[in-house]
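The chain contents come next:
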Amino acid sequence: RGMAIVGARLEASLDAEPIPFSAVVIRDGKIAAAGPQQTTPVPKGIETVQGKGSIIQPSPYTATIAAGEPANLLVRNADTGAPEHLMREGEWIE
């Protein structure tokens, strides 16, 4: 069980260069993989969420989105910056 968010702009940490089209794979409440969509494998059969038009950031913003880290994510609208969804340990709470 898990999910992948594909196509969003990934701002993985305060220091990381943003990735315009990313894949973030989540399993068991943790980040399994995160990186460019072209080079980050998404497991076959996993639930896939289209992230185009969104920005994925860690929550809190001082955290990091990387393999092994808790899947605590904030998804924002790329045009307005408005928060759209909040994830805690791999579960959507908003």
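Structure: see above.
These notes cover the structure that comes with them. Here the structure is a predicted model, which means the values were calculated and not measured.

What follows deals with the overall build of the protein chain. Helix and strand content of the protein chain: 0 helices and 9 strands. The secondary structure elements of the protein chain, listed N-terminal to C-terminal, are β-β-β-β-β-β-β-β-β. Its C-alpha atoms give the protein chain a radius of gyration of 12 Å, near enough to 12 Å, the size a compact globule of 94 residues would have. Over its C-alpha atoms, taken along the principal directions, the protein chain stretches across nearly 30 × 25 × 25 Å.

To continue, consider the environment of Met3. When you line up the elements, Met3 lands in strand 1 (residues 2–6). Taking relative accessible area as the criterion, Met3 reaches 8% and is therefore assigned buried. Through-space distance from the C-alpha of Met3 to that of Leu86 is 15 Å; in sequence the pair is 83 residues apart. Met3 has contacts with Val24, Val25, Ile26, Ile46, Glu47, Val49, Met87 and Trp92, leaving out every residue within four places of it along the chain.

A few words on the sheet that holds strand 2 (residues 9–10). Taken in spatial order, the 5 strands line up as 2-6-7-8-9 in an open sheet, and their pairing is mixed. In the strand order of this sheet, the two ends are held by strand 2 and strand 9 (91–92), each with one partner. Pairing of strand 8 (residues 83–88) with strand 9 involves 2 bridges; the strand directions are antiparallel. Its bridge partner being in strand 9, Arg88 is matched across the sheet by Glu91.

Parameters at a glance
Residue positions are given per chain, counted from 1 along the sequence in the order it is written. Residues qualify for local features only when their pLDDT is at least 70, as the model is predicted, and side-chain atom pairs are given and counted only at 80 or more; totals for whole chains, interfaces and linings, by contrast, use all residues. In computing side-chain properties, one takes all heavy atoms of the structure into account and sets aside hydrogens as well as water. Strands here mean DSSP runs of E at least two residues long; helices mean DSSP runs of H or I at least four residues long; both are numbered from the N terminus. We compute the radius of gyration over the C-alpha atoms and compare it with the globule rule, which gives 2.2 Å times the number of residues raised to the power 0.38. A simple rule labels every residue: compare its accessible area, found with a 1.4 Å probe on the protein chains alone, to the largest value its type can have, and call it buried under 20%, exposed over 50%, or partly exposed in between. Should any heavy atoms of two residues lie within 4.5 Å, those residues are counted as being in contact. Any two strands with at least two DSSP-identified bridges between them are counted as paired.

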